[in-house]
Amino acid sequence: MTTYLADTLGHAPRRTLAATFLFLVLAVVLGGPVAGALDSSGGFAPTDADSVTAIAEIEAATGQAPSPGVVLLVEDADGTRLDDVAQQLGSIDGIAEVASGAGTPPGAGLVSQDGTQVLVLGTLAAGADADRVAEDVLSAFEGSADVEAGGGTIAGFQLGETVGEDLSRAETFALPILVVLSILFFGGRASWMPLLVGATTVLGTFLALAAINQVYDLSIFALNLVIGLGLGLAIDYTLFLVTRYREEVARQGATHAAIVTTMSTAGRTVLFSAVTVAVALATLTVFPLGFLQSMGIAGATVALVAAAAALVVSPALFALWGDKLLRRSARRAAAAGAVTTEEQGTWYRLSHGVMRRPGAVAAVTVLVML
């Protein structure tokens with residue numbers, strides 16, 4: 001398979017890169033909004049658990065949730081203020097019942113021991129959109145300094161928002177770090193390869209998850225793996241391929257044969273690694289918990305997409321850039337007719353130093369790990 005990719009994509013690099021660009025545009029349009037489309041933050045109990053069955057039966061019999069999902073903590077409120085808060089909460093669409101601590105003696109459950117804090121409880125109607133209810137509740141009491149909103153419904157909504165903010169923050173920090181790592185480990189024009197492969201991986205995975213979400217209700221936690229694992233695998237797989245390609249250019253020159261050898265060796269390693277990672281993460285789907293199953297699906301997907309991106313983009317760039325992917329020192333040495341292998345590098349000397357004293361290195365490693 002990897003040899004076929006080298007033969008096919010290596011002979012048409014510009015068309016391959018043009019197709020990759022069109023794919024990225026499609027992924028941005030269709031897969032970009034996936035963070036907002038995954039609205040399930042639950043899945044912490046098996047679907048066939050007794051508690052889940054009991055909740056379903058209670059909702060069917062009463063038309064509402066078995067317990068309050070919205071809890072309002074009201075500070076220093078008199079009876080009139082509590083009535084206003086309860087009426088405002090009850091007017092929100094999706095709230096089936098409101099219970100207030102008005103008139104309840106201190107320490108009786110809904111009122112604090114000193115009587116300064118009172119709870120107002122809201123129970124959702126069966127089948128109500130919990131996120132929309134939570135958003136409406138937060139908006140309704142946003143300007144009220146004496147009211148604090150909480151409860152399972154509010155917490156679930158805020159959890160989803162936090163995941164989305166974390167993803168944006170991760171993207172903000174990941175890009176400059178990826179650029180620095182690319183320049184450090186790849187050098188020269190090859191530094192652009194992990195950026196392209198990483199972007200293709202993340203956006204391609206978003207597109208795949210958007211499609212999967214149409215069939216299986218994915219949890220918002222599925223997105224936690226995409227950026228970190230996607231960029232990490234992009235750097236890892238691209239490093240495999242670029243390093244081997246540089247070695248083959250030193251032996252065979254910037255020829256199609258060098259691309260074929262690279263893809264049939266390092267390319268096969270990338271494919272085997274991706275399948276191994278995908279299978280390992282896919283084992284999470286055997287657990288009867290929705291959030292674990294979603295993470296398993298996302299993890300397996302991102303591993304396979306990362307391998308596909310690396311195996312498609314890399315041979316096209318190898319054919320297009322050729323010996324320009326070598327480090328400057330290697331190109332100068334090649335022009336002078338000197339040795340152009342990586343045997344002059346720091347990593348080569350480090351690896352051979354480790355192999356000369358494997359026992360000592362193993363002992364020191366065990367001590368460090370302990």
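Residues numbered from 1 in each chain as written. Predicted model: local features only at pLDDT ≥ 70, side-chain atom pairs only at ≥ 80, totals over all residues. Heavy atoms only, no water.

(A) The arrangement of the confidence of the model for the protein chain in detail. Per-residue pLDDT for the protein chain averages 86, and the proportion of residues at 70 or more is 92%. The weakest mean pLDDT in the protein chain belongs to helix H12 (residues 328-335) at 57; the strongest belongs to helix H14 (residues 358-369) at 95. (pLDDT = per-residue confidence, 0-100. Helix = DSSP H or I, 4+ residues; strand = E, 2+ residues; numbered from the N terminus.)

(B) Just the packing of aromatic side chains, in detail. This model, assessed by the stated rule, comprises one aromatic pair. Ring plane angle 5 degrees and centroid distance 4.2 Å describe the contact between Tyr245 and Phe318, whose orientation is recorded as stacked. Of this pair, Tyr245 sits in helix H9 (residues 224-252) while Phe318 is found in helix H11 (residues 290-321), placing the two residues 73 residues apart along the sequence. The two residues Tyr245 and Phe318 agree in class, both being buried. (Phe/Tyr/Trp six-rings, centres within 6.5 Å; stacked < 30°, edge-to-face > 60°. Buried < 20%, exposed > 50% of the residue type's maximum accessible area, 1.4 Å probe, protein only.)

(C) Focus on the pattern of salt bridges. For the coordinates displayed, the defined rule picks out six salt bridges. The closest approach of N and O atoms between Asp136 and Arg132, which form a salt bridge, is 3.1 Å. One end of the pair, Asp136, and the other, Arg132, are both in helix H6 (residues 130-140), four residues apart, so they sit about a helical turn from each other. Here Glu247 makes a salt bridge to Arg244, at a shortest N to O gap of 3.9 Å. Taken as a pair, Glu247 and Arg244 lie in helix H9 at a separation of three residues, close to a single helical turn. Residue Glu247 is classed as partly exposed on the basis of its relative accessible area of 26%. Here Arg244 falls in the partly exposed class, since its relative accessible area comes to 25%. A single network of salt bridges, built from pairs that share partners, joins Arg244, Glu247, Glu248 and Arg251. (Salt bridge = Lys/Arg side-chain N within 4 Å of Asp/Glu carboxyl O.)

(D) How the structure looks around the environment of Val118. Checked against the element boundaries, Val118 lands in strand S3 (residues 117-124). We classify Val118 as buried; its relative accessible area is 5%. Taking C-alpha positions, Val118 is 35 Å from Gly290, a pair spaced 172 residues apart along the chain.

(E) A look at a nonpolar patch on the surface. Among the surface-exposed residues, Phe21, Leu22, Val25, Leu26, Val28, Val29 and Leu30 lie close enough to one another that they form a single nonpolar patch of about 670 Å² accessible area. Relative to the helices and strands, Val28 is located in helix H2 (residues 13-31). Accessibility expressed as a relative area gives 46% for Val28, which makes it partly exposed. (Patch = residues over 30% accessible without salt bridge, like charges linked within 9 Å, V, L, I, M, F, W, Y side chains within 5 Å. Areas by Shrake-Rupley, 256 points an atom, 1.4 Å probe, with all protein chains shown as cover.)

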